[in-house]
Amino acid sequence: MKPVENLVKDSIKNLKPCAHGGEILDAAGKSGFKREEILDFSSSVNPLGPSKKALEAAKNSFKEIATYPDSNSNELRQAIADHFDGLSKTNVIVGNGSTELMYLFAETFMKKGDTAVIPAPTFGEYESAVRKTGETPKFVKLDKNFNVDATVFAHEMVGAKIVFLCNPNNPTSILIPSETLTGIIEKALEQDSLVFLDEDFLEFVENEKALSMINKIKAYPNLFILRSFTKIFGLTGLRVGYGIASEEIINVLLCAKIPWNVNCLAQAAAVVALKDGEHLRVTRELIKNEKAFLSTELEKIKSFKVFPPDANFFFIDIRKSGLTATELKNKLLRQGILIRDCTSFRELDEYFIRVAVKTREENERLIEALKRTVKN
Ligand SMILES: Cc1ncc(COP(=O)(O)O)c(C=O)c1O
C-alpha cells in the first residue's frame, strides 16, 4: 500500500492544529501539579461553573443514553428561540460546541476559488475551518489599538464569500463598534457576502441585548450569529453551541450537518441552563465586580499594558516586564497557575498574554503570583 500520507487530500495534509487555552492536562503533566490543583486562567469560561439545575437535568437524562438523541435538537432549538424575541425554531441550529458550526458553515458555503476574510488577531478556528475546505483565508490586520479599521476592512472584503468577525474579539476582549459592524454587514449584503458573526463572549458584556445582532437577522439575510453554552453557561465539556440566521441559511446547514451531532445530556442540560436566570444574574454580578478588582490590581503592575476589557478576560502587553509570554506562562505554571500565552495568534508577537476573570480568591492568587514573578 502507498504511504497513507499520499492518500490524504491536500487541504487536510497541510492542516495544523490550532492552539487553545484550557490545556490543563498538558499543564499538569509539565508542572507536576495535579489537574485539580491548577488554576486555569487560560480558558475564559464561567468561574462558577454550570447551573446546578442544568447539571441535574443532564443527570436525569442518563436514562436516555441507550437511545439516539434528537438529531435536530428540536426542544433545545425551541428553547433558544423562546429565549430571544421574534425568533422561531427555524432560525436556530445547534452544534457540538459552536466550533462545529464554524466548520459546517465554511464547508457549506466555500466553493473552489472563494475567499474568506478574517481579522487578525482573532480566534484561530475560523482559519482552520476555511483551510479545511481547501481554500485560503485572507487576513485583515486590526489597527494598532486592536480595533477593526472600517475603511481598510471595507476595501479588503471586496469579493469575499464569507466575512468572519468576533464580537467581542478573542484574544483582545474588545468590542467592534456597532456602526462599524453594521457598515460591514451592509457592505457584505450589497456584494452577496455572508457574515459569520461570533457572539460567544457577548453574554459577558453588560449591554449585551443592545449590542447583539440577533434581532437584525430579518434585515440582514446574509448574517449568521454564533453563540455557545461553553462560555457564560459553563457547559464547556458537554459541547453545545448554536447559530441564529434566516430560515434559508439554517435549512441548508441542517441538511449539511452530520446526524445526532449533539448528545442527549448536552441537549437536556442546555434547555435548563437557558432558563436558570438566577445563575446568569449571579455570574454577571461576579464578573462585573471581579473585572473591576483585577483592573485595579493589574494596573498596579507598571510593566504591563492592560487593554480595557469588554469581555470576561484581560488582554495584556507584557513586553516591558522583560519576559516573553512563554517565559511568564512557564514561571506561573511552576506556581500552579495557567495563563494563555498569545504567541500563537496571527499578527501578535511574543509579548501578549490573556487571563480570564475568575473568583476573588483565585484572582488574588493570580495577582500575588504575578507580583512575585514580574518586575514592576
Ligand atoms: C471566540 C470563540 N468562539 C468560539 C469558541 C469555541 O467555543 P465552543 O466551545 O462553543 O466550541 C471559542 C473558544 O475558545 C472562542 O474563543
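These lines cover the structure that appears in this document, whether it is placed above or below. (Residues numbered from 1 in each chain as written. Predicted model: local features only at pLDDT ≥ 70, side-chain atom pairs only at ≥ 80, totals over all residues. Heavy atoms only, no water.)

When its secondary structure is counted, the protein shows 15 helices and 13 strands. In terms of its C-alpha atoms, the protein occupies a principal-axis envelope of roughly 55 × 55 × 50 Å. Classification of the 376 residues of the protein by burial places 54% in the buried group. Looking at the protein alone, contacts between residues at least 24 apart form 73% of all its contacts between residues at least 6 apart. For the protein, the computed accessible surface area is about 17,200 Å², with 52% contributed by carbon and sulfur atoms. (Helix = DSSP H or I, 4+ residues; strand = E, 2+ residues; numbered from the N terminus. Buried < 20%, exposed > 50% of the residue type's maximum accessible area, 1.4 Å probe, protein only. Contact = heavy atoms within 4.5 Å. Areas by Shrake-Rupley, 256 points an atom, 1.4 Å probe, with all protein chains shown as cover.)

Looking now at the sheet that holds strand E10 (residues 313-317). With antiparallel pairing, the four strands of this open sheet are ordered in space as E9-E10-E13-E12. The outermost strands of the open sheet, each flanked by one partner alone, are strand E9 (305-307) and strand E12 (340-341). Judged from the two bridges that link them, E12 and strand E13 (residues 352-356) form a sheet pairing that is antiparallel. Pairing of Asp341 across the sheet is with Ile353, part of E13. (Pairing = 2+ DSSP bridges.)

Glancing now at the packing of helix H14 (residues 325-333) against helix H15 (residues 360-373). At a closest axis distance of 10 Å, the pairing of H14 and H15 adopts a crossing angle of 120 degrees. The handedness of the crossing between H14 and H15 is right-handed. On H15, the residues that touch Leu328, Lys331 and Leu332 of H14 are Ala369, Leu370 and Thr373. Here the contact of H14 with H15 is composed, by residue class, of four nonpolar, one polar and one charged. (Axes fitted to C-alpha atoms, helices over the stretch in contact; angles between N-to-C directions. Left-handed = near helix turned anticlockwise from the far one by under 90°. Nonpolar A, V, L, I, M, F, W, Y, C, P; charged D, E, K, R; others polar.)

This brings us to the sheet that holds strand E4 (residues 137-141). Judged by pairing direction, the sheet is mixed, and its seven strands sit side by side in the order E2-E8-E7-E6-E5-E3-E4 without closing on themselves. The open sheet is flanked by strand E2 (92-95) and E4, the only strands paired with a single partner. Along the sheet, successive strands turn relative to each other by an average axial angle of 25 degrees, direction set aside. With five bridges joining them, strand E5 (residues 162-166) and strand E6 (residues 194-198) adopt parallel strand pairing. Among the inter-strand pairings, Val163 is bridged to a residue of E6, identified as Val195. Strands E2, E5, E6, strand E7 (223-228) and strand E8 (241-245) of the sheet are contacted by helix H6 (residues 98-109), whose axis makes an angle of about 155 degrees with E7. Lying on the sheet, helix H11 (residues 247-256) is in contact with E2, E6, E7 and E8; it crosses E8 at an angle near 140 degrees.

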